[in-house]
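Take a look at the letters that make up each chain.
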Amino acid sequence: WQEAIIGAEISGVRLQEVLADVCDVVRKGQLLARYNEDSLGVDLARLDASVAEAQAHLAKAKADVSRADRLEAVEAMSRQMIESYRTQAAVAEAQLASARAQREAQALKLRYARILAPDDGVISTRSATVGAVSTLGVELFRLVRRGRLEWRAEVPGEAMARLAPGLAVELRTLDGTTVAGTLRQLSPTIDPKTRSGIAYVDVPSGRKLAAGMY
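So, a few notes on the structure that sits alongside this text. (Residues numbered from 1 in each chain as written. Predicted model: local features only at pLDDT ≥ 70, side-chain atom pairs only at ≥ 80, totals over all residues. Heavy atoms only, no water.)

Here's the deal with the overall build of the protein chain
Scanning the protein chain for helices and strands turns up three helices and eleven strands. Mapped in sequence order, the helices and strands of the protein chain form the string β-β-β-β-α-α-β-β-β-β-α-β-β-β. Taken along the three principal axes of its C-alpha coordinates, the protein chain extends 95 × 45 × 30 Å. Buried residues in the protein chain amount to 29% of all 214 residues. Counting every atom, the protein chain has about 13400 Å² of accessible surface; 53% of that belongs to carbon and sulfur. (Helix = DSSP H or I, 4+ residues; strand = E, 2+ residues; numbered from the N terminus. Buried < 20%, exposed > 50% of the residue type's maximum accessible area, 1.4 Å probe, protein only. Areas by Shrake-Rupley, 256 points an atom, 1.4 Å probe, with all protein chains shown as cover.)

Here it is, written out as structure tokens:
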């Protein structure tokens, strides 16, 4: 029916553990593989410190502005100095926002170090190898979503009008087994070269059927 491609969303990190293999039935959110999180965790801790430092700078800058505002009321400080304090507070606020954004980006990388199943299904291929260094976007697994199979039958165009969603369908496998299915939908167009359309038939899994079978 649908085959989900599960890829790496971080780069430059070693794959530490692979927990799923071909034919494994997995659940949505299940851990399939894990990259080394040590260096990512260290970088996150460093950025936590940067956020704390930026917060301290902002607190000091706001205190300076508050003091300048009080002195402005009694005309005890020049206008230029007061504006300087306000500018420093604005810069400190921007620096805190930047530090927080970098911290969130690193936290996201740390979450991406854990490869999770995007849906229930069956692992159809596995490219993940322990020790491999990640490349952004490289394929690690393929997942037959929900273990659901679909037969895409080519039907002569003149026969399409006699079909309708919900019809019962019988398939015969190579070993002579008959499998019952249900017509889910029909393609809205006819191929002008083959003069055929496609009938999409839902078929049950676990009946000696596999994706790609004739």
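Having seen the structure, we can now continue with the description.
Describing the pairing of strand β10 (residues 178–186)
In this sheet, β10 lies alongside strand β9 (residues 168–172) in antiparallel orientation, the contact comprising five bridges. If you follow V169 over to β10, its bridge partner there is G181. Taking the residues that link successive antiparallel strands as the turn, the β9-β10 hairpin has five residues, and the phi of G176 there is positive, at about 90°. In this structure, β10 lies alongside strand β11 (residues 196–203), joined through four bridges in antiparallel fashion. Of the residues in β11, the one forming a bridge with T182 is D202. (Pairing = 2+ DSSP bridges.)

Remarks on the pattern of salt bridges
Close approach of charged atoms allows side chains of opposite charge to pair. The full count for this structure, using the stated rule, is 20 salt bridges. Residues D21 and R126 are paired through a salt bridge, measuring 3.9 Å at the closest nitrogen-oxygen approach. Taken as a pair, D21 in the loop between β2 (15–18) and β3 (25–26) and R126 in strand β6 (residues 121–126) lie far apart in primary sequence, 105 residues in all. Residue classification places R126 among the partly exposed residues on the basis of a relative accessible area of 38%. Shared partners join several salt bridges into a network, and the residues in it are R148, E150, R152, R184 and D202. (Salt bridge = Lys/Arg side-chain N within 4 Å of Asp/Glu carboxyl O.)

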